[in-house]
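# Residue-level structural notes
In case you want the letters, here they are:
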Amino acid sequence: MIAFTLLGAGLMMLIVGALHLVAPQMMMDGPGIALTSVNHLHMVRAAYGGAYLGMAALFLLGAVRLPFRRTSLLAVLVLFCGFATGRIVSLLADGVPVPLYLGVLGAEVSFAVLAGLSLRRLTAPAR
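Each chain has its residues counted from 1, running along the sequence as written. Restriction of local features to residues with pLDDT of at least 70 applies here, the model being predicted, together with a cutoff of 80 or more for giving and counting side-chain atom pairs; totals for whole chains, interfaces and linings are based on all residues. By convention in this description, side-chain values take in all heavy atoms of the structure and omit both hydrogens and water.

### Re the packing of helix 1 (residues 2-22) against helix 5 (residues 99-123)
Between the N-to-C directions of two axes lies an angle of 0 to 180 degrees, each axis being a line fitted to C-alpha atoms and, for a helix, fitted only over the stretch in contact. Put simply, DSSP marks the helices as runs of H or I at least four residues long and the strands as runs of E at least two long, and each gets a number from the N terminus on. One way to put it is that helix 1 packs onto helix 5 with a least axis distance of 9 Å and a crossing angle of 145°. Pair helix 1 / helix 5 crosses with left-handed handedness. Taken together, the residues of helix 5 that come into contact with helix 1 (itself represented by Ile2, Phe4, Thr5, Gly8, Ala9 and Met12) are Val104, Ala107, Glu108, Phe111, Leu114, Ala115, Ser118, Arg121 and Leu122. A per-class count over the contact of helix 1 with helix 5 returns 10 nonpolar, 3 polar and 2 charged. Should the near helix be turned anticlockwise from the far one by less than a right angle, the crossing is left-handed, and should it be turned clockwise, the crossing is right-handed. The contact definition used throughout considers only heavy atoms, calling two residues in contact when any of these lie within 4.5 Å. Throughout, the ten residues Ala, Val, Leu, Ile, Met, Phe, Trp, Tyr, Cys and Pro are labelled nonpolar, Asp, Glu, Lys and Arg are labelled charged, and all others, Gly among them, are labelled polar.

Structural data, given as C-alpha cells:
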C-alpha cells in the first residue's frame, strides 16, 4: 500500500506537472481559462508545472528510498488534503465544476486516505 500510494501520487503529479510545464494553454483550455500574457504563462509553468514536478520528485523519492517514506507520505497527506479542501469549498461556494475536476477530487481524497493509512502502518508498533 505504501509503494502504491507514493508511486500513484507521484505519477499523477509528474504527468500533470509536466503537461503544465510544456503545454500550459492546453491544460487551461479544459476549464476555459485563457492565458493571455507572458505573466499568465509564467505563473502556470511555475505554480502548476514546476511546483507539481517538485512534489512528484519528493513522492517518488519516498517510493524508492526507505528513509524518505515517512516524509513523502506526510507530504502526500498534507498536500492532497489541502487540494481536496479547496475543491470542496469551491463546490459549496461556487457550484459544480467540469467532471474532470470531480474525478481529480476523488483521486486526491483517495491518495490522502491511503497516505494516512500508510503513515499509521509505518508508525504502528511491531507485533
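### Details of the packing of aromatic side chains
The description of an aromatic ring pair uses the distance of the two centres, along with the angle that the planes make with each other. Side-chain rings of Phe, Tyr and Trp, where Trp is taken by its six-membered ring, are said to pair if the distance between their centres is within 6.5 Å; with planes under 30 degrees apart they count as stacked, over 60 as edge-to-face, and otherwise as tilted. Throughout the structure, instances matching the rule amount to 6 aromatic pairs. On the numbers, 5.8 Å between centres and 75° between planes, the contact of Tyr48 with Tyr52 is edge-to-face. Remark: Tyr52 and Tyr48 occur in helix 3 (residues 38-64); sequence separation between them is 4 residues, near one turn of the helix. Each residue is placed in one exposure class: buried if its accessible area under a 1.4 Å probe, protein chains only, is under 20% of its type's maximum, exposed if it is over 50%, and partly exposed if it falls in between. A relative accessible area of 36% means that Tyr48 is categorised as partly exposed. Aromatic side chains Phe59 and Phe80 sit 6.0 Å apart centroid to centroid with 65° between the ring planes, which places their arrangement in the edge-to-face category.

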